[in-house]
Structure formats: structure tokens, C-alpha cells
Amino acid sequence: MPFLHTGGTDLYYETHGPKPGAAPAIVFAHGAGGNHLSWWQQIPHFRDRYTCVTFDHRGFGRSVEPTGGPGGSAFADDLRALLDHLEIERAHLVAQSMGGWTCLRFALRWPDRVERLMMCDTHGGIASDAVREAFRLAPRPPAPPEGVHVAAGARMAREQPPLCFLYAEIDALNPPRPREELLALLASAGSPTPEEVAGLERPVLFIAGEEDPVIPAPVVEAAATHFRDARVIRVPAAGHSVYFERPTAFNRIVEDFLS
């Protein structure tokens, strides 16, 4: 199994498709409810034409972080170390939820390493009055049934029970993490300002589930207004995990944006 030792952590990663350098690269950065396995419906779709890279953020999946490690503050550095290790100079970044904190911070620090940025079900930690107000005003869909992960959602549990079960099994490979600890992790991963993101010259696509109870679509749209070159696509009948719940629509949207 491939691991990269960086920043005091052995970072687990996988590559699929052509060898790095032989095709354009896509890096998939998972959310807090997932790990490298979360992208099982994307990798087979893209690996014939792209070098696909998945990894476990430190503290998730197989990337065990020692007690007292830097946590989220090292997420972007870990991604750079991984791209350096694989000798990938530039890549498309596909970020879901927590992965948006990683990829947005990476893009702001090293924009020349990014081709296009896809922010899925995420605002990337942007701290602005517009984002806060959108959170305050956004309607909240009904909470999922007891025992159903909020990132899977009530609709997935009702309409696709096997998929909802698989989501829970993938999430169970991560260490248990109380909500307060997760919020602290995200806070340490960074809170870009509107002024910072306005300077990003790379094309950005936001994908939002219309029924997302975690980061509602109006919040995603508010975040997108701060970028120079960004657009938003809403996906109907989808919650916080569009890539998992509606993979055909998600893959098509990403495909269109890349081409």
C-alpha cells in the first residue's frame, strides 16, 4: 500500500489510470464523512483519460495522525507534498465538503499548480458576511432518521438504502470524531477572506445539492460571489453528498467543466 511520510504522518494515497505525466491529473479530496474510498463512482469514470489521485486526509482512513499533530493546518501542505512526490506539476482539484478547505487553501497558496477547481457541497471555509447571512436565512430540510449520517441524508436513506449503508461503512473506517473536534479541525484548516479568493485567477465550479442540510445551496452560491471566475450548478433531489448520491449527474457536470 502506498504511503507518503510527510509532516509527521504517513499519508495514504492511490493513483489510477495513466502514470503521472502521461495524462492530465485529477485529485479528489474527500469530506469529513469519507476517505479515499468515497470516490468509487468517479474513478472508473475518469481513469481512462485522466491520472486520478485519491488520498486520506491526515487523521482519516489509513492516514493515522499522531496525538498532537498539526491536523487541518497541514492539509494543504500535505496535498503539495503528495503532488511533489508524484511529480504532478499541475492538476484539476475536485473537493467535497471538508476537502474544499484543503483545495481552496492549496489553490490560494500555489495557484500555478492548479488547472481548474471544483468545489462540491462546500464553501471552503470562506469567512464573509454574505456566507454567514446565507447560513442564517437558508431553509433547513428535515433531519435524517436516527442512525443515518447527515451527509448521506434522509432521501438517500429512503430511496437508496444500500448506498446509504455503504456510506456509513466507509465513514466507519475513520476514527470517531465529536462535532466539536471536527469544527476545530476545520477552523485550523483556514478561513480565506473574500479579498483572498477574489485574487484567484483559476476557473472555479461550485456544485450544490438542492436539499443539502449541512452547507445549503444558498451558502454555496454566496461563497461563489467572491470569486473572479466561478459559477454554481444546483443538483435537484440531492443532499450533502452529490457525488455519492447522484454520481451520473455529478460526473457529467465535472466532465463538462473539464472539457
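Structure first, text after, so check above.
Presented here is an overview of the structure given in this document.

Concerning the overall build of the protein chain
Line of reasoning, step 1. When helices and strands are tallied, the protein chain shows 11 helices and eight strands.
Line of reasoning, step 2. A globule of 259 residues ought to have a C-alpha radius of gyration of about 18 Å, and the protein chain, at 17 Å, matches this closely.
Line of reasoning, step 3. In terms of principal-axis extent, the alpha carbons of the protein chain reach across some 45 × 40 × 40 Å.
Line of reasoning, step 4. Considering only contacts in the protein chain between residues 6 or more positions apart, those separated by 24 or more positions represent 77%.
Line of reasoning, step 5. Element-wise, carbon and sulfur atoms account for 54% of the exposed surface of the protein chain, whose accessible area totals about 11,100 Å².

Regarding the pattern of salt bridges
Line of reasoning, step 1. In total, this model carries 17 salt bridges according to the counting rule given.
Line of reasoning, step 2. Two residues, Arg113 and Asp84, come together in a salt bridge whose shortest N-O distance is 3.0 Å. With a gap of 29 residues between them, Arg113 in the loop between α3 (98-109) and β6 (114-120) and Asp84 in helix α2 (residues 75-86) connect regions that are remote in the sequence.
Line of reasoning, step 3. With its nearest N and O atoms 3.2 Å apart, the salt bridge here joins Glu159 to Arg246. Linking Glu159 in helix α5 (residues 153-159) with Arg246 in the loop between α10 (242-245) and α11 (247-258), this pair joins segments that are 87 residues apart in sequence.
Line of reasoning, step 4. Here the residues in one salt-bridge network are Arg80, Asp84, Glu89 and Arg113, joined through shared partners.

Focus on the packing of helix α4 (residues 129-137) against helix α9 (residues 217-224)
Line of reasoning, step 1. Between α4 and α9, whose axes approach to 8 Å, the crossing angle comes to 170°. Here α4 is positioned roughly antiparallel relative to α9, judged by the angle of their axes. Contacts between α4 and α9 involve Ala130, Val131, Ala134 and Phe135 from the former and Pro218, Val219, Ala222 and Ala223 from the latter.
Line of reasoning, step 2. Per-class residue counts for the contact of α4 with α9 are eight nonpolar, no polar and no charged.

Here we look at α3
Line of reasoning, step 1. The first and last C-alpha atoms of α3 sit 18 Å apart over 12 residues, in line with the 16 Å expected at 1.5 Å per residue.
Line of reasoning, step 2. Of all the 12 residues making up α3, nine are buried; the element is thus mostly covered by neighbouring parts of the structure.
Line of reasoning, step 3. Turning to α3, its buried residues number three or more, namely Met98, Gly99, Gly100, Trp101, Thr102, Cys103, Leu104, Phe106 and Ala107.
Line of reasoning, step 4. Those residues of α3 that are buried lie in contact with β3 (25-29), α2, β5 (91-96), β6, α7 (179-189) and α8 (194-198).

Section: the packing of aromatic side chains
Line of reasoning, step 1. Counted by the stated rule, this structure contains 11 aromatic pairs.
Line of reasoning, step 2. Ring centres 5.3 Å apart and planes at 65° place the aromatic pair Phe3 and Tyr12 in the edge-to-face group.
Line of reasoning, step 3. Judged by relative accessible area, which is 38%, Phe3 ranks as partly exposed.
Line of reasoning, step 4. Accessibility expressed as a relative area gives 1% for Tyr12, which makes it buried.
Line of reasoning, step 5. We note Arg62 situated over the ring of Tyr12; from NZ or CZ to the ring centre the distance is 4.8 Å.

Some words on the pairing of strand β4 (residues 51-55)
Each regular strand displays side chains that alternate between the two surfaces of the sheet.
Line of reasoning, step 1. Burial analysis of β4 places five of its five residues in the buried class, the great majority of the element.
Line of reasoning, step 2. Relative to β4, strand β2 (residues 9-16) is paired through four bridges, and the arrangement is antiparallel. Paired with Thr15 across the two strands is Val53, which belongs to β4.
Line of reasoning, step 3. Where β3 lies against β4, four bridges are found, and the strand directions are parallel. By the bridge assignment for β4, Ile26 is matched with Cys52.

Calculation criteria
- Residues numbered from 1 in each chain as written.
- Predicted model: local features only at pLDDT ≥ 70, side-chain atom pairs only at ≥ 80, totals over all residues.
- Heavy atoms only, no water.
- Helix = DSSP H or I, 4+ residues; strand = E, 2+ residues; numbered from the N terminus.
- Rg over C-alpha atoms; globule rule 2.2 N^0.38 Å.
- Contact = heavy atoms within 4.5 Å.
- Areas by Shrake-Rupley, 256 points an atom, 1.4 Å probe, with all protein chains shown as cover.
- Salt bridge = Lys/Arg side-chain N within 4 Å of Asp/Glu carboxyl O.
- Axes fitted to C-alpha atoms, helices over the stretch in contact; angles between N-to-C directions.
- Parallel < 35°, antiparallel > 145°, perpendicular 65-115°, else oblique.
- Nonpolar A, V, L, I, M, F, W, Y, C, P; charged D, E, K, R; others polar.
- Expected span 1.5 Å × (residues − 1).
- Buried < 20%, exposed > 50% of the residue type's maximum accessible area, 1.4 Å probe, protein only.
- Phe/Tyr/Trp six-rings, centres within 6.5 Å; stacked < 30°, edge-to-face > 60°.
- Lys NZ or Arg CZ within 6 Å of the ring centre and 35° of its normal.
- Pairing = 2+ DSSP bridges.

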